[in-house]
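What the coordinates show
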Amino acid sequence: MAIERTLSIIKPDGVEKGIIGKIIGRFEEKGLKPVAIRLTQLSKAEAEGFYAVHKARPFFADLVKFMTSGPVVLMVLEGENAVARNREIMGATDPKKADAGTIRKDFATDIEKNTVHGSDSVENAKIEVSYFFPEVQVHAYEWKKLA
Ligand code: UDP
């Protein structure tokens, strides 16, 4: 399996609920290593650019409003099959349809305030990582995890 990088965002509802640590803990426990992390508040232009693919969708304006409503945590996660693995750990877009044990099932409010974002393909992951992180802000390291 390939070592990949993917973009993860803890959305404003996740930050507000005080579960940044719990979410990052799940990624670390399941083999996804944070190699870049930044807490920030997105501007309207940044959120619109990031979600440009959804521009024509009816939920776009509300989504941009939500994503700029408070701080978010931007992360690059690295690991085997990281793009698909992150999507598994996150669960389905609609938390009502998410599998048990996923972040969205356990923490999300609704289909909009669904706690986390994760790139949906290896190609998009490259675009999304570079949208927020220049290569110099991504730091590889080896794990010497406790047993
Ligand atoms: N979204 C929404 N209403 C919808 C579908 C999506 O508000 O009916 C929001 C939700 O926050 C979602 C984001 O738009 O995470 C991007 O949608 P996408 O279909 O790409 O889902 P994801 O890849 O995040 O699971």
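Worth saying up front: this structure is predicted, and the values here are computed from it rather than measured.

So, how was this worked out
- Residues numbered from 1 in each chain as written.
- Predicted model: local features only at pLDDT ≥ 70, side-chain atom pairs only at ≥ 80, totals over all residues.
- Heavy atoms only, no water.
- Phe/Tyr/Trp six-rings, centres within 6.5 Å; stacked < 30°, edge-to-face > 60°.
- Helix = DSSP H or I, 4+ residues; strand = E, 2+ residues; numbered from the N terminus.
- Buried < 20%, exposed > 50% of the residue type's maximum accessible area, 1.4 Å probe, protein only.
- Polar contact = N/O pair within 3.5 Å; in protein donor to acceptor, adjacent residues only side chain to side chain.
- Pairing = 2+ DSSP bridges.

Summed over all chains, the structure comprises four aromatic pairs. Centre to centre, the rings of Phe50 and Tyr131 are 5.9 Å apart; their planes meet at 50°, and the pair counts as tilted. Taken as a pair, Phe50 in helix α3 (residues 44-50) and Tyr131 in helix α7 (residues 122-132) lie far apart in primary sequence, 81 residues in all. Exposure remark for Phe50: the relative accessible area of 9% places this residue in the buried category.

Looking at the element boundaries, Glu78 is found in strand β3 (residues 72-80). We classify Glu78 as buried; its relative accessible area is 13%. Side-chain polar atoms of Glu78 contact the side chain of Arg5, separated by 2.9 Å.

It is worth spelling out the pairing of β3 at this point. Counting buried positions along β3 gives eight out of nine residues, so the element sits mostly inside the fold. With eight bridges connecting them, strand β1 (residues 3-10) and β3 associate as antiparallel partners. When the bridges of β3 are listed, Leu7 appears paired with Val76. Judged from the seven bridges that link them, strand β2 (residues 33-40) and β3 form a sheet pairing that is antiparallel. In the sheet register, Pro34 faces β3, and the bridge partner there is Leu77.

Keep in mind that these numbers describe shape and distance, not what the molecule does.
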